[in-house]
Amino acid sequence: MKERQGVAPASVPWGAGDATRVPARPPAHARRDPAHAASDAGAAEPYVPASAAGAAAPHVPAHAAGNAEPHVRVDARKLESALLEVRGAVGRAQLLLEIPGIEAARAERQQLISQIDDYLLPRLRQSGAPILIAMVGSTGAGKSTLLNSIAGSQVSATGVRRPTTNSPVLACHPEDAGWFAENVFLPTLPRVRQEGLARPGRDGLLVLATSEGIPRGIALLDTPDIDSVVAAHRQFARQFLDASDLWLFVTTARRYADAVVWELLKDARDRGASLGVVLSRVPPAAGKQLSEHFEAMLDANGLGEIQRFVIPETIVTDAQLPAEVSAPVRSWLEETSRRDERRIAILTKTMSGVLDSFEARVPALARGAETQLALGAELRSAADAAYSAALAEHDEAIRSGSLLRGEVLARWQDFAGTGDLMGTLEVRKGKRPSQRSKRHAAMSARAQALKAALRLSVEALTTSLADRAAEDAMERWQASPAGTGLLAEARQATQAQQVPAGPEQSYASLRKWEGELRWGFPGAQSDLAASLPAGGVDALSRSSADLPRRIAQAVAAWQDHLLHLVQTENVTRRSIARIASFDAESLALVLTIGVLGYGAGDVIVSEGASAVPQRLLTSLFGAGLMRDIGGQARQDLHERIGLLFSEEALRFTALIAAVGAPDEAAPTDLYQASYLLESAR
């Protein structure tokens, strides 16, 4: 079957000579001369291909030696150990809190993990594995067609449907297929082996295709489009780029100036990746003009030395270019697989580029982890401060006597103003039991009314302050970017629990690292939703539904505690105790009144018995004992209310805990791991 793309002369390699060969550029403190490198060659294998292991040290091709520093032989086991330390430290540095720029930081963290797991460690452990060449490009650039042309048969599906490559295709010689088994290459990615044409598979699967036409020693990876409309496809393409030794970038005459093209090319430049570029579908009439313009753009972006090819518009037959059109690209790849010096240069350049980038990227992640720890502490402090302020206001209201007003004042006057209080307290010895019981029964109703008024007053105060503290805590969080982001994520998490997963979510669920990219560990989003109170995020701005019940229980328990003090402690002066007996419940009520206003002066200033509490308590207990008893009673109430407020504040801090407790040692671990890595190089 033929597909008309226009007819033109055969492909012309754009840029003379072989692909650029750039030697390793280790940091100054790690660079050593070849003699020194050779002297410790017996210590461990270098991180260069096994084919060069017999040499004293990796060498620079003769035509490139004039502008290059010598390779440095390193202890591969020491480097692997250092990379494992970095991997562990990066994994523990979870970026949990939402702040501006956090998505980029999370993506950078995940890229560090991917580059270590998918490229650096496998390449160190399997230095003789085929060179993995990622064919990357924009939609419709012709990556699959070029792959089929190099293989000499159709191994990857092509077509007009976009995106065509929904499942990446890895094509290699049959004898090289073992290098790409599940436990060697991208171990977390499921794959399917397929002979002949690799039909599009399910999203998230790697299709492993073999062909006798692929040169031994190389493997070609047809990746999803970098500008795919499916976000997961773009992320998938990035994962494979991080696992590749060489990038073969394919773009078209219509798309080569797109921003997404240059973002990727600049990224390859910055990480020091080995790179080749193919400009395809070039109209013959405009070939020279387009080539010169593209070359100028490459030069302007520091990419003037990379290997380049031009593919003109031509006829595509059976999903393949004419042999003479694809021959220059195939020849370059064959030569790469055969020549040890080129293979060494590619592997060393790409690995060194990645490792060089770690020198700045790992400390940057450490600083991000420090920021996360500081923000987490800030959010916890904000919630705690709101409830601490409410507790302090509660203490002041209790101490100042501000509760001795309204209903409490009316009930106190009813109880004390008629003289019944003194009658209850001064029950003299020797009176007949019948008279004592009758008077006690008569005063019980007034005492109970006062006790209820006191309880309701304290409950109302506590409930009001708890509501204000919840509003205050919410406002403090909303004033913080981290708090605002966490609340927004909590809302999204709640909504996500109610929405069935769509196709893109299903695709992402096949990739274990997808959860890490977003949260730092899988399952955090469901935990976040579960940590919210009934009513979701908005319910945080008011007290818990069961708080009034818990407050009532706490205040009642406090009143019982005061009664217990009166019953068990010898609280009255001996001189009074010899001539009078006291009703414990009435005495506890008087003590409560004193606690609520003692130390603030005569806060009840009405005439008659309204000034009784201060003078009566002082005469009964003495100033010193009343001060001690009052302090104990207020402290007990403080602790009970403080516990309730702490429980309310936990509703906020539970959101932080739901996304995972930050590792406080993570920043230090990252700095130390970065130092060990540089020392190992």
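Analysis parameters
Residues numbered from 1 in each chain as written. Predicted model: local features only at pLDDT ≥ 70, side-chain atom pairs only at ≥ 80, totals over all residues. Heavy atoms only, no water. Helix = DSSP H or I, 4+ residues; strand = E, 2+ residues; numbered from the N terminus. Contact = heavy atoms within 4.5 Å. Areas by Shrake-Rupley, 256 points an atom, 1.4 Å probe, with all protein chains shown as cover. Buried < 20%, exposed > 50% of the residue type's maximum accessible area, 1.4 Å probe, protein only. Lys, Arg positive; Asp, Glu negative; His and termini not counted. Salt bridge = Lys/Arg side-chain N within 4 Å of Asp/Glu carboxyl O. Polar contact = N/O pair within 3.5 Å; in protein donor to acceptor, adjacent residues only side chain to side chain. pLDDT = per-residue confidence, 0-100. Pairing = 2+ DSSP bridges. Expected span 1.5 Å × (residues − 1). Bend = angle between axes of the 7 residues up to and from the residue. Axes fitted to C-alpha atoms, helices over the stretch in contact; angles between N-to-C directions. Left-handed = near helix turned anticlockwise from the far one by under 90°. Nonpolar A, V, L, I, M, F, W, Y, C, P; charged D, E, K, R; others polar. Right-handed = clockwise from strand over helix to strand, strands pointing away. Phe/Tyr/Trp six-rings, centres within 6.5 Å; stacked < 30°, edge-to-face > 60°. 1 Å grid on protein atoms, 1.4 Å probe; cavity = no way out; pocket = protein on both sides within 12 Å on 5 of 7 lines; lining within 4 Å. Points joined across faces, edges and corners; volume = space filled by probe spheres on them. Core = buried A, V, L, I, M, F, W, Y, C linked by side-chain atoms within 4.5 Å.

Participant: So what exactly am I meant to see when it comes to the overall build of the protein chain here?
Facilitator: The number of helices and strands found in the protein chain is 22 helices and 13 strands. Put simply, 82% of the contacts in the protein chain that link residues at least 6 apart link residues at least 24 apart. Accessible area of the protein chain: about 28800 Å², with a carbon and sulfur share of 53%.

Participant: Honestly, the side chain of D222 in this entry has me stumped. Any pointers?
Facilitator: By the element assignment, D222 lies in strand β7 (residues 218-222). Look at D222: it is buried, it has no salt bridge, and the nearest opposite charge is K143 at 4.9 Å. Only 2.4 Å separates the side chain of D222 from the side chain of S144, close enough to count as a polar contact. Polar side-chain contacts of D222 include one of 2.8 Å to the side chain of S156.

Participant: In this structure, what is going on with the confidence of the model for the protein chain? I would like to understand it.
Facilitator: Atomic detail in the predicted coordinates should be set aside for any region of low pLDDT. On average, residues of the protein chain carry a pLDDT of 75, and 69% of them reach 70 or more. Across residues 427-431, where pLDDT falls below 50, the model places 9 contacts with residues more than four positions away in sequence or in other chains. With pLDDT under 50 throughout, residues 601-611 is counted as low confidence; its partners more than four residues away or in other chains account for 19 contacts.

Participant: Just to check I follow, could you spell out the pairing of strand β6 (residues 206-210) for this structure?
Facilitator: Within a regular strand, the side chains alternate between the two sheet faces. Counting buried residues along β6, 5 of its 5 residues qualify, which places the element largely inside the surrounding structure. Alternating residues of β6 divide into L206, L208 and T210 and V207 and A209, and every residue in both groups is buried. Two strands pair when backbone bridges link them, and strand β4 (residues 169-172) and β6 are joined in this way by 4 bridges, in the parallel orientation. Paired with C172 across the bridge in β6 is T210.

Participant: What should I look at first to understand helix α9 (residues 340-400) in this one?
Facilitator: The periodicity of an α-helix, 3.6 residues per turn, causes residues three or four places apart in sequence to face the same way. Taking 1.5 Å of rise per residue, 61 residues should cover 90 Å, and α9 covers 88 Å from first to last C-alpha, within 8% of that figure. Along its length, α9 reaches its greatest deviation from straightness, about 40°, at E359, and the proline P363 lies no more than four positions downstream. Downstream of α9 by one or two residues, G401 has phi in the positive range, about 85°.

Participant: I would appreciate a short explanation of the pattern of salt bridges in the present structure.
Facilitator: Any two side chains of opposite charge can pair, on the condition that their charged atoms come close. Under the defined criterion, the tally for this structure stands at 30 salt bridges. For R342, the salt bridge identified is with E335, shortest N-O distance 3.6 Å. For R342, a relative accessible area of 0% puts it in the buried group. Each of D546, R549, R550, E647, E648 and R651 takes part in salt bridges that share partners, so that together they form one network.

Participant: When you look at the packing of helix α3 (residues 102-125) against α9 in this model, what are you seeing that I'm missing?
Facilitator: What describes two packed helices is the angle between their axes and the distance between those same axes. Where α3 contacts α9, the two axes come as close as 10 Å, and the packing angle between them is 145°. The handedness of the crossing between α3 and α9 is left-handed. In this structure, α3 contributes I102, E108, R109, Q111, L112, Q115, I116, Y119, L120, R123 and L124 to the contact, and α9 contributes R343, L347, T350, M351, V354, L355, F358, R361, L365 and Q372. Each residue belonging to the contact of α3 with α9 can be placed in one class, and the counts come to 12 nonpolar, 4 polar and 5 charged.

Participant: Got a minute to help me understand the pairing of strand β8 (residues 246-252) in this structure?
Facilitator: The buried count for β8 comes to 7 of 7 residues, which makes it a mostly enclosed element. On β8, burial covers both faces: L246, L248, V250 and T252 on one face and W247, F249 and T251 on the other are all buried. Relative to strand β9 (residues 274-282), β8 runs parallel, the two sharing 7 bridges. Residue pairing in the sheet places L248 in a bridge with G276 of β9. This β-α-β element, β8 to helix α6 (residues 259-270) to β9, shows right-handed connectivity.

Participant: Looking at this structure, I do not really get the packing of aromatic side chains. What am I missing?
Facilitator: Here a ring pair, both rings aromatic, is described through the centre-centre distance and the interplanar angle of the planes. Under the defined criterion, the tally for this structure stands at 5 aromatic pairs. Each ring, one from W262 and one from F294, has its centre 5.8 Å from the other, and the planes form 70°; the classification is edge-to-face. Residue W262 is located in helix α6, and its partner F294 is located in helix α7 (residues 287-300); the two are separated by 32 residues in the primary sequence. For the pair formed by W262 and F294, the shared burial category is buried. Aromatic side chains F309 and W332 sit 5.6 Å apart centroid to centroid with 55° between the ring planes, which places their arrangement in the tilted category. Taken as a pair, F309 in strand β10 (residues 307-312) and W332 in helix α8 (residues 323-338) lie far apart in primary sequence, 23 residues in all. Owing to a relative accessible area of 4%, W332 belongs among the buried residues under this scheme. One aromatic cluster in this structure is built from Y256, W262 and F294.

Participant: What's the story with unusual backbone geometry in this structure? I'm lost.
Facilitator: Negative phi characterises most residues that are not glycine, and trans characterises most peptide bonds. In the Ramachandran plot, D318 falls in the positive-phi region, its phi being about 55° despite a non-glycine side chain. Locating D318 in the fold gives a position in the loop between β11 (315-317) and α8. On the basis of relative accessible area, D318 is assigned to the partly exposed category, the value being 44%. Within the chain, A319 stands out as a residue other than glycine whose phi angle is a positive 60°. With respect to the helices and strands, A319 occurs in the loop between β11 and α8.

Participant: I tried to follow empty space enclosed by the protein on my own but got confused; where do I start?
Facilitator: Any empty space left between the atoms is revealed when a probe the size of a water molecule rolls over them. Enumeration according to the criterion identifies 10 cavities of 30 Å³ or more in this entry. If you add up the space inside the largest cavity, you get close to 160 Å³. P122, R123, A129, F180 and F185 are, among the 14 residues lining the largest cavity, the residues nearest its centre. For the lining of the largest cavity, the element with the highest residue contribution is α3, accounting for 4 residues. Residues of the lining of the largest cavity, tallied by class, amount to 10 nonpolar, 1 polar and 3 charged. One number sums up the size of the second largest cavity: a volume of about 110 Å³. Looking at the lining of the second largest cavity, the elements that each hand over two or more residues are α4 (143-151), β9 and β10.

Participant: Honestly, the packing of helix α17 (residues 547-568) against helix α19 (residues 584-597) in this entry has me stumped. Any pointers?
Facilitator: Their axes nearest at 9 Å, the elements α17 and α19 cross at an angle of 115°. Crossing of α17 over α19 shows right-handed handedness. When α17 is examined against α19, the residues W558, L562, L563, V566 and Q567 are found in contact with a partner set consisting of A584, E585, L587, A588, L591, T592, V595 and L596. Looking at the contact of α17 with α19 residue by residue, the classes come out as 10 nonpolar, 2 polar and 1 charged.

Participant: Would you mind showing me how to read the environment of F415 here?
Facilitator: Turning to its location among the elements, F415 is positioned in helix α10 (residues 406-416). Taking the C-alpha atoms as reference points, F415 and A445, separated by 30 residues in sequence, lie 9.3 Å from one another.

Participant: It is not clear to me how the nonpolar core should be interpreted in this structure. Could you clarify?
Facilitator: Inside soluble globular proteins, nonpolar side chains tend to come together where they are buried. Counting residues in hydrophobic clusters, the biggest one holds 67 residues, and the most contacted among them are Y387, W477, L486 and F645. Broken down by secondary-structure element, the contributors of at least two residues to this core are α9, α10, α12 (433-478), α13 (481-496), α17, α19 and α21 (623-658). With 31 residues, the next largest nonpolar core counts L112, L120, F358 and A366 among its residues.

Participant: Please explain the environment of D663 as it appears in this structure.
Facilitator: Along the chain, D663 falls in the loop between α21 and α22 (666-680). Separated by 570 residues in the primary sequence, D663 and A93 place their C-alpha atoms 6.8 Å from one another. The residues contacting D663, other than those within four sequence positions of it, are R92 and L373. Looking at D663, its side chain comes within polar contact range of the main-chain nitrogen of A665, at 2.9 Å.

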